[in-house]
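Observations on chain architecture
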Amino acid sequence: MTETVLTAFPSVKILKNEPLAHFTNTKTGGLADFLAFPESAESVQALLKFANAHELPVTVIGNASNLIVRDGGIRGLTLILTQMNQISVSETTVVADAGASLIEVTKQAQQASLTGLEFAAGIPGSVGGAIFMNAGAYGGEISMVAESVVVLTKKATLKTIEKSELDFGYRQSRVQEEGDIVLTATFKLQPGDDQAIQAQMDDLNARRAAKQPLDLPSCGSVFKRPTGYFAGKLIHDAGLQGFQIGGAQVSMKHAGFIVNVGDATATDYLNVIHHVQEVVFDKFGVALETEVRIIGDSIPTH
């Protein structure tokens, strides 16, 4: 049966036993049984129907920016939607495919003199991932500008979900709870001044570059912000900057990031995360929750 996914979709790029470390921002992660790069919503729907019929698990990993894939990899069918990246602007509305770069969406909004997405100018995720986790930065969140999304349900049916039904919360959404696959998102913005918008984006990107370790592979911000605290400050105050297991290190530039300083494995990342959580809880009584999505199989220990 396993070969039939390759023969059933000759027009879709599908790789077999592909190292996900080639695609994740951390440069870590085990093998995907099958890794598909669909180019249209129709292809995603057909792949999902096929997978359901053959009882193949399906995992969507966006552009794998705020993600850790365990070293055992992912069974079944894994989808990367970055080939679905169309963006269209009409008056004050922007419609973007799930695989479109969020940064590219902010650029096109700026060129159309539309304001509201400036906060996302440096967020390295995809549109689908941004909806999935209600991505945010510098006081802004996707929930402020998302108007509706078109999704595929687990049963491979198309559905439009309006903003009022998306149940956005801090780094969460209805899409995340129900396991839908985002296909497109519609954003409602406001008319603005293109130069003022660019200036704000430039300022936020400069602040990001000054504070964050953008020169090394990382999964972005690792932990959610605990109520009343900042995760990075807690980790810094716990004396954990520079703490390292294998090739994974708590960034010396920003304690909220874990960077790959050389041949890190996903297990190294997870071990650093667990150590940070234990130390911060012991010192401050604060339980750090991961913001990064952690998926895939662990390598069995014998």
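This text follows the structure it describes.
Report follows, based on the coordinates. What you see is a predicted model, and the numbers here were worked out from it, not measured in a lab.

Rules behind the numbers
- Residue positions within a chain follow its written sequence, with the count starting from 1.
- Only residues with pLDDT of at least 70 are given local features in this predicted model, and only at 80 or more are side-chain atom pairs given and counted; all residues enter the totals for whole chains, interfaces and linings.
- The basis for every side-chain value is the complete set of non-hydrogen atoms in the structure, without hydrogens or water.
- Within this document, salt bridges are pairs made up of a side-chain nitrogen of Lys or Arg and a carboxyl oxygen of Asp or Glu, the two lying within 4 Å of each other.
- Strands are runs of DSSP state E lasting at least two residues, helices are runs of H or I lasting at least four, and both sets are numbered from the N terminus onward.
- The buried label goes to any residue with under 20% of its type's maximum accessible area, the exposed label to any with over 50%, and the partly exposed label to all in between, with areas taken from a 1.4 Å probe on protein chains only.
- Patches were defined on residues exceeding 30% relative accessible area and lacking a salt bridge, with like-charge contacts within 9 Å and nonpolar side-chain contacts (Val, Leu, Ile, Met, Phe, Trp, Tyr) within 5 Å.
- Per-residue and other accessible areas were derived by the Shrake-Rupley procedure at a 1.4 Å probe size, with only the shown protein chains allowed to occlude residues.
- Charge assignment: positive for Lys and Arg, negative for Asp and Glu; neither His nor the chain ends contribute.
- Charge positions are represented by NZ for Lys, CZ for Arg, CG for Asp and CD for Glu.
- The criterion for strand pairing is that DSSP finds at least two bridges linking the strands in question.
- Only the stretch in contact is used when fitting a helix axis, every axis being a line fitted to C-alpha atoms; angles between N-to-C directions are given from 0 to 180 degrees.
- By definition in these notes, contact holds between two residues if any of their heavy atoms fall within 4.5 Å.
- For our purposes a nonpolar core is just a set of buried Ala, Val, Leu, Ile, Met, Phe, Trp, Tyr and Cys residues, chained together by side-chain atoms within 4.5 Å.
- For this quantity, the arc is that covered by the directions from the helix axis to the C-beta atoms.
- Counted as a polar contact is a pair of N or O atoms within 3.5 Å, where, for protein atoms, one must be capable of donating a hydrogen and the other of accepting one, and residues adjacent in sequence contribute only when both atoms are in side chains.

Some details on the pattern of salt bridges
- The full count for this structure, using the stated rule, is 9 salt bridges.
- A salt bridge links Arg75 to Asp297; its shortest N-O distance comes to 2.9 Å. Residue Arg75 is located in strand 5 (residues 74–79), and its partner Asp297 is located in the segment after strand 18 (293–295); the two are separated by 222 residues in the primary sequence.
- The class for Asp297 is partly exposed, based on a relative accessible area of 33%.
- Notably, a salt bridge pairs Glu178 with Arg174, separated by 3.2 Å at the nearest N-O pair. A residue pair is termed a helical-turn pair when its members lie 3 or 4 positions apart in one helix, as Glu178 and Arg174 do in helix 5 (residues 174–178) at 4 residues.

Comments concerning a negative patch on the surface
- Together, Glu147, Glu162, Glu165, Asp167 and Glu177 line one region of the surface with negative charge.
- Within the secondary structure layout, Asp167 lies in the loop between strand 12 (158–162) and helix 5.
- Under the relative-accessibility criterion, Asp167 is labelled exposed at 51%.

Some points on the sheet that holds strand 13 (residues 181–188)
- With respect to topology, 5 strands assemble into an open sheet ordered 6-7-13-11-12, the strand pairing being antiparallel. Either end of the sheet is taken by a strand with one partner, and the two such strands are strand 6 (87–90) and strand 12. Strand after strand, the sheet turns through a mean of 15 degrees between neighbouring axes, direction not considered.
- This element, helix 2 (residues 41–53), spans strand 11 (146–152), strand 12 and strand 13 of the sheet and lies at about 145 degrees to strand 13.
- Each of strand 6, strand 7 (93–97) and strand 13 is contacted by helix 3 (residues 102–111), which is oriented at about 25 degrees to strand 6, the strand it contacts most.

Some remarks on the pairing of strand 13
- With respect to burial, strand 13 is a largely interior element, 6 of its 8 residues being buried.
- Here strand 11 pairs with strand 13 via 6 bridges, running antiparallel. Bridge pairing in strand 13 links Val151 to Val182.

Some details on the nonpolar core
- Counting residues in each nonpolar core, the largest one holds 52 residues, and the members touching the most others are Val105, Ile131, Ile142 and Phe187.
- When contributions to this core are tallied by element, the ones reaching two or more residues are strand 2 (31–37), helix 2, strand 5, strand 7, helix 3, helix 4 (127–132), strand 11 and strand 13.
- In this structure Ile142 touches Leu102, Leu117, Phe119, Ala130, Ile131, Asn134, Ala135, Phe168 and Phe187, once residues within four positions along its chain are discounted.
- Membership of the second largest hydrophobic core comes to 25 residues, among which are Phe223, Leu234, Ile273 and Val279.

Concerning helix 3
- Of the positions making up helix 3, those classed as buried are Leu102, Val105, Thr106, Ala109 and Gln110. All buried residues of helix 3 lie within an arc of 135 degrees about the axis, which places them on one face of the element.
- Packed against the buried residues of helix 3 are strand 6, strand 7, strand 8 (114–115), helix 4, strand 13 and helix 6 (194–211).
- With a side-chain oxygen positioned 3.2 Å from the backbone nitrogen of Ile103, the residue opening helix 3 is Ser101.
- Immediately downstream of helix 3, the backbone of Ser113 shows phi near 60 degrees, a positive value.

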